[in-house]
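Analysis of the macromolecular model
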Protein chains: 2
Amino acid sequence: MSTPTDHRSAPRRRGEELVDAILSAACQELIEVGYAKLSYESVARRSGASKVSIYRRWPTKPELVKSAAAHHAHIPQLPGEPSTLQADLRSVLGDVARQIDAPIGQLLRALMAASVAEQAPSMAELSWGMGPGLMRKVAEQAVARGELSDVPVGLVLSVPTDLIKQRFISYGIVNQEFIDDLVQLIVLPLWLGDKSSR
Amino acid sequence: MSTPTDHRSAPRRRGEELVDAILSAACQELIEVGYAKLSYESVARRSGASKVSIYRRWPTKPELVKSAAAHHAHIPQLPGEPSTLQADLRSVLGDVARQIDAPIGQLLRALMAASVAEQAPSMAELSWGMGPGLMRKVAEQAVARGELSDVPVGLVLSVPTDLIKQRFISYGIVNQEFIDDLVQLIVLPLWLGDKSSR
DNA sequence: AAAATAGTGTACGTGCCGTTTACTAAGTGC
DNA sequence: GCACTTAGTAAACGGCACGTACACTATTTT
């Protein structure tokens, strides 16, 4: 008589409401304990949902984690008032770097773990905002101001964000000093195409 | 009487011999089933060692995996006959890209997973040969030939290998086409400092 | 020869996996 | 209003791996 364990009575959540609860719980869990220690059982406990409901929607852990991360939906920060290509780059990339610190960093780390651990090449899709799109905007503004002759091709556009990701993976942190060096030594010379800024 | 399970008699391996057996087994296991599915029990079974012996030396899975990867020690491939900066880059980076395919790729993937999953920033140390060192050699030869005025700074030197790693993480494969684009659109313009090669 | 060191097999409790079962609340068609 | 379908819940299952403990023994050191 100790455990009246039967929540089959409560107003039963469905559809979006339930999904929200599960993904939020998964996010929290990711931030607190990380990817490796996240389990279906813990998410079920935390969200108050049943394991089966979770398995039905996300048969594997990477899928669940990716949905959770996407659900969190921390959209990037806009360039703000355009000024100079160098200033814009430092500002935007600096914001990205700052966002990469806790607790989002832990979430990103989890996301990468999900991508790397199992065969899940869809890491590319989840560029968490800081993808070519962001860089393209910056480049377009520079072109409009006449600082840049053309918007670089995709591969070149994504160099800064790719290198930031790489830095994060290798060293765990991305500070402003790195951003400054990145802009000064790599992005500007590469985009402008001369060595004068070094 | 079915199981005479007691190998406590056999010539008992110790020290380096035992370590070798364990790490080799771990490597094989990594290549076959990947990081996520690798377990202490499977490594113990495969190596014929006991779990305790493994736990004593590598208390956590990332540590074990990193040792295993380091033990494998596939050193990079040398530039061979130097010719042109562009040719050297394509050759060396192409080799790196080819090495990144199976089975080494799976091992690298495991290594990254180990680094990313838990706080293990020592990914940087294990640059599996394709680090700044390799690029420095290429650059130095180009300087000796007069193609390059100076050897770029470390950050710039590691751009090609960093971007290859990033590509591997995001898309799972690194083909020669990517290498060609990388050399043509990024490395040469960045190192030479002009847009003529685009 | 005695003692310290280190490897082996076995067993244990715990936690999570992924699935199945039985039940029931919420929506749907009539 | 009522049958009927859909979907969420609790509980239990066998299985596997975890991480640790124990008793034992082979090897090395003193």
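Residues numbered from 1 in each chain as written. Chains lettered and ligands numbered in written order. Predicted model: local features only at pLDDT ≥ 70, side-chain atom pairs only at ≥ 80, totals over all residues. Heavy atoms only, no water.

1. Points about the overall build of chain A
Worth spelling out the cut-off: Labels follow the DSSP assignment, with helices taken as runs of H or I lasting at least four residues and strands as runs of E lasting at least two, numbered in each case from the N terminus. The buried label applies to any residue whose accessible area, calculated with a 1.4 Å probe on protein chains only, is under 20% of its type's maximum; exposed applies above 50%, and partly exposed to all values in between. Calculation of accessible area relied on Shrake-Rupley with a 1.4 Å probe; when residues are assessed, cover is drawn exclusively from the protein chains displayed.
A tally of regular secondary structure across chain A gives ten helices and zero strands. N-terminal to C-terminal, the α/β element order of chain A is α-α-α-α-α-α-α-α-α-α. The buried share of chain A, reckoned over its 198 residues, is 46%. Accessible surface, chain A: about 9700 Å² in total, of which carbon and sulfur atoms supply 52%.

2. Focus: the confidence of the model for chain A
Quick note on the threshold: Confidence of the predictor at the level of single residues is given by pLDDT, which spans 0 to 100.
The share of residues in chain A with pLDDT of 70 or more is 79%, and the mean pLDDT across the chain is 80. Within chain A, helix 3 (residues 51–57) of chain A carries the highest mean pLDDT (96), whereas helix 6 (residues 104–117) of chain A carries the lowest (72).

3. Re the packing of aromatic side chains
Describing an aromatic ring pair means giving the distance of the ring centres and the angle of the ring planes. Selection rule: The criterion for an aromatic pair is that two Phe, Tyr or Trp rings (for Trp, the six-membered ring) have centres within 6.5 Å, with stacked assigned to planes under 30 degrees apart, edge-to-face to planes over 60 apart and tilted to the rest. Placement of a positive charge over a ring is assigned whenever Lys NZ or Arg CZ falls within 6 Å of the ring centre and within 35 degrees of the normal to the ring plane.
What the rule picks out here adds up to two aromatic pairs over all chains. Aromatic side chains Tyr40(B) and Tyr55(B) sit 4.1 Å apart centroid to centroid with 5 degrees between the ring planes, which places their arrangement in the stacked category. With Tyr40(B) in helix 2 (residues 40–47) and Tyr55(B) in helix 3 (residues 51–57), the pair connects residues that are 15 residues apart, well separated along the chain. The lysine or arginine in question, Lys61(A), covers the ring of Tyr35(A), its NZ or CZ lying 4.7 Å from the ring centre.

4. Here we look at the pattern of salt bridges
Side chains that carry opposite charge are capable of pairing whenever their charged atoms lie near each other. All names here are of chain B. The line we're drawing: Here, a salt bridge means any Lys or Arg side-chain nitrogen found within 4 Å of an Asp or Glu carboxyl oxygen.
Per the counting criterion, the structure on display carries twelve salt bridges over all chains. A salt bridge links Glu32 to Arg46, with the shortest nitrogen-to-oxygen separation between them at 2.8 Å. In this pair, Glu32 sits in helix 1 (residues 15–37) while Arg46 sits in helix 2, placing the two residues 14 residues apart along the sequence. A residue is classified by how much of its surface remains accessible, and Glu32, at 49% relative accessible area, is partly exposed. A residue is classified by how much of its surface remains accessible, and Arg46, at 37% relative accessible area, is partly exposed. One salt bridge in this structure joins Arg90 and Asp180, with 2.9 Å as the shortest N-O distance. In this pair, Arg90 is assigned in helix 5 (residues 85–99) and Asp180 in helix 10 (residues 176–192), connecting sequence segments 90 residues apart.

5. Regarding helix 9 (residues 159–171) of chain A
All names here are of chain A. Stated formally: To estimate the expected span of a helix, count its residues, drop one, and scale the result by 1.5 Å.
The end-to-end C-alpha distance of helix 9 is 18 Å, a good match for the 18 Å that 13 residues give at a rise of 1.5 Å each. Taking burial as the measure, the 13 residues of helix 9 include eleven buried ones, the bulk of the element. Within helix 9, the full set of buried residues consists of Val159, Pro160, Thr161, Asp162, Leu163, Ile164, Lys165, Gln166, Phe168, Ile169 and Ser170. Gly172 lies just past helix 9 and shows a positive phi near 85 degrees.

6. Structural notes on the packing of helix 1 of chain B against helix 2 of chain B
Residue and element names in this part refer to chain B. Going by this rule: Here, axes are lines fitted to C-alpha atoms. For helices the fit covers the stretch in contact, and angles between N-to-C directions go from 0 to 180 degrees. If an angle is under 35 degrees, it is roughly parallel; if it is over 145, roughly antiparallel; if it lies from 65 to 115, roughly perpendicular; otherwise it is oblique. A crossing counts as left-handed when the near helix is turned anticlockwise from the far one by less than a right angle, and as right-handed when that turn is clockwise. We call two residues contacting when some pair of their heavy atoms lies within 4.5 Å. Here the term charged refers only to Asp, Glu, Lys and Arg, the term nonpolar to Ala, Val, Leu, Ile, Met, Phe, Trp, Tyr, Cys and Pro, and the term polar to all other amino acids, Gly among them.
Close contact between helix 1 and helix 2 brings their axes to 8 Å; oriented N to C, the two are set at 120 degrees. Here helix 2 runs oblique to helix 1, going by the angle between their axes. Judged by the twist between their axes, the crossing of helix 1 over helix 2 is right-handed. Residue-level inspection shows Ala21, Ile22, Ala25, Ala26, Gln28, Glu29 and Glu32 of helix 1 in contact with helix 2, the latter providing Ser42, Val43, Arg46 and Ser47. Classifying every residue of the contact of helix 1 with helix 2 by side-chain character gives five nonpolar, three polar and three charged.

7. What to know about the packing of helix 1 (residues 15–37) of chain A against helix 4 (residues 61–72) of chain A
Residues and elements named next belong to chain A. Close contact between helix 1 and helix 4 brings their axes to 9 Å; oriented N to C, the two are set at 105 degrees. With respect to helix 4, the axis of helix 1 lies roughly perpendicular. For the pair helix 1 and helix 4, the contacting residues are Asp20, Ile22, Leu23, Ser24, Ala26, Cys27, Leu30, Tyr35 and Ala36 in the first and Lys61, Pro62, Leu64, Val65, Ser67, Ala68, His71 and His72 in the second.

8. Remarks on helix 5 of chain B
Residues and elements named next belong to chain B. Between its terminal C-alpha atoms helix 5 stretches 21 Å, which fits the 21 Å expected from 15 residues at 1.5 Å a residue. When helix 5 is considered as a whole, its buried residues turn out to be Leu85, Asp88, Leu89, Val92, Leu93, Gly94, Val96 and Ala97. Those residues of helix 5 hidden inside the fold are in contact with helix 7 (132–145), helix 9 (159–171) and helix 10.

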